[in-house]
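A closer look at the structure
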Amino acid sequence: MRLLDILLGRSRPVAPDLDRLFALPSAAVGLEAAAGFRPTGQGAVCFATVEGAAFERTHREIRALLDADAGRVPVELTHDDYGYSWLVSRRSPGELPELVNDLHAVNSTLEAGGFGPRLLCSLAGFADDADRRLALVYLYKRGTFYPFAPLPGERQRRDNALELRVRAALADELPVEDDLGRWFPVWGAPGL
């Protein structure tokens, strides 16, 4: 950190550490024990929409890499109402380590293709016996996770109590984002 940054109270952003994604499978065990949520087998990587030949090459590379696994649903590219793109991976619920490998590969390939600054977050979906949904969201630029629990229905509402309970349950398992203001809602996110 430079002297001027110290004097002005600025801090440098945390460098993304994609290897933190590999903590998800062990955290899922704690999540099931503490709150009854199990993996759905769905996950996604969100990034600011990119156009052009360079992105098309990177997208083809991602699809070739992940779709080479015979017997799995192909990776899907979708766009949301907010102008962001999502690369969605679907696995069986028991294949969380493989899903995490997919998410890591997508992030790494986009980063290597020069699209790292466009990456926003990755998420893995979970559900309980009452079919409540939960996502563990990894903030790419912060290197931290947070839970997102939308309530069912047409209105966009969150189950804040559940999110805080999950935060407490996973505090020793994952680097959880301390700033609740950064727990952004991911309404309508594929994979959730």
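Right above here is the structure, for reference.
Quick summary incoming for the structure in this document.

What counts and how
- Residues numbered from 1 in each chain as written.
- Predicted model: local features only at pLDDT ≥ 70, side-chain atom pairs only at ≥ 80, totals over all residues.
- Heavy atoms only, no water.
- Buried < 20%, exposed > 50% of the residue type's maximum accessible area, 1.4 Å probe, protein only.
- Helix = DSSP H or I, 4+ residues; strand = E, 2+ residues; numbered from the N terminus.
- Contact = heavy atoms within 4.5 Å.
- 1 Å grid on protein atoms, 1.4 Å probe; cavity = no way out; pocket = protein on both sides within 12 Å on 5 of 7 lines; lining within 4 Å.
- Points joined across faces, edges and corners; volume = space filled by probe spheres on them.
- Nonpolar A, V, L, I, M, F, W, Y, C, P; charged D, E, K, R; others polar.
- Polar contact = N/O pair within 3.5 Å; in protein donor to acceptor, adjacent residues only side chain to side chain.
- Pairing = 2+ DSSP bridges.
- Phe/Tyr/Trp six-rings, centres within 6.5 Å; stacked < 30°, edge-to-face > 60°.

**Re helix α4 (residues 96–115)**
Leu-96, Leu-99, Val-100, Asp-102, Leu-103, His-104, Ala-105, Val-106, Asn-107, Thr-109, Leu-110 and Phe-115 are the residues of α4 that are buried. Looking at the buried side of α4, the elements it contacts are α2 (24–35), β1 (38–48), α3 (53–67), β3 (84–90) and β4 (119–127).

**Some remarks on empty space enclosed by the protein**
Applying the stated criterion across every chain, the model contains 1 cavity of 30 Å³ or more. As a volume, the largest cavity reaches approximately 30 Å³. Lining the largest cavity are Leu-136, Phe-145, Tyr-146, Pro-147, Val-166, Arg-167, Leu-170, Leu-174 and Val-176. Every element with two or more residues in the lining of the largest cavity is listed here: β6 (144–148) and α5 (160–170). Counted by class, the lining of the largest cavity contains 8 nonpolar, no polar and 1 charged residues.

**Quick look at the side chain of Ser-122**
By the secondary structure assignment, Ser-122 is in strand β4. The buried category is assigned to Ser-122, whose relative accessible area is 2%. Of note is the side chain of Ser-122, whose polar atom sits 2.8 Å from the side chain of Asn-107. Residues within four places of Ser-122 in sequence aside, it is in contact with Leu-21, Ala-44, Val-45, Asn-107, Leu-136, Val-137 and Tyr-138.

**Concerning the pairing of strand β2 (residues 76–79)**
With 4 bridges connecting them, β2 and β3 associate as antiparallel partners. Across the sheet, the residue bridging to Thr-78 is Trp-86, located in β3. Taking the residues that link successive antiparallel strands as the turn, the β2-β3 hairpin has 4 residues, and the phi of Gly-83 there is positive, at about 90°.

**Regarding the packing of aromatic side chains**
Think of a pair of aromatic rings as described by two things: how far the centres are apart, and how the planes are tilted against each other in angle. A complete count under the given rule lists 5 aromatic pairs for this structure. Taking the centre distance of 5.5 Å and the plane angle of 50° together, the rings of Phe-47 and Phe-55 count as tilted. This pair shows no difference in class: Phe-47 is buried, exactly as Phe-55 is. When the centroid spacing of 5.0 Å and the interplanar angle of 55° are considered together, the rings of Tyr-138 and Phe-145 count as tilted. Owing to a relative accessible area of 1%, Tyr-138 belongs among the buried residues under this scheme. By way of ring pairs, the aromatic residues Phe-47, Phe-55 and Phe-115 are connected into one cluster.

**Regarding unusual backbone geometry**
Positive phi, close to 65°, is recorded for Asp-131, a residue that is not glycine. With respect to the helices and strands, the residue Asp-131 is situated in the loop between β4 and β5 (133–139).

**A closer look at the pairing of β6**
A large share of β6 lies buried, amounting to 5 of its 5 residues. Burial of β6 is two-sided: the residues Thr-144, Tyr-146 and Phe-148 facing one way and the residues Phe-145 and Pro-147 facing the other way are all buried. Where β5 and β6 come together, 5 bridges link them in antiparallel fashion. Within the sheet, the bridge partner assigned to Ala-135 lies in β6 and is Phe-148. The hairpin formed by β5 and β6 contains 4 residues between the paired strands, and Gly-143 there has a positive phi angle of roughly 70°.

Scope: geometric values only; no functional claims are made or implied.
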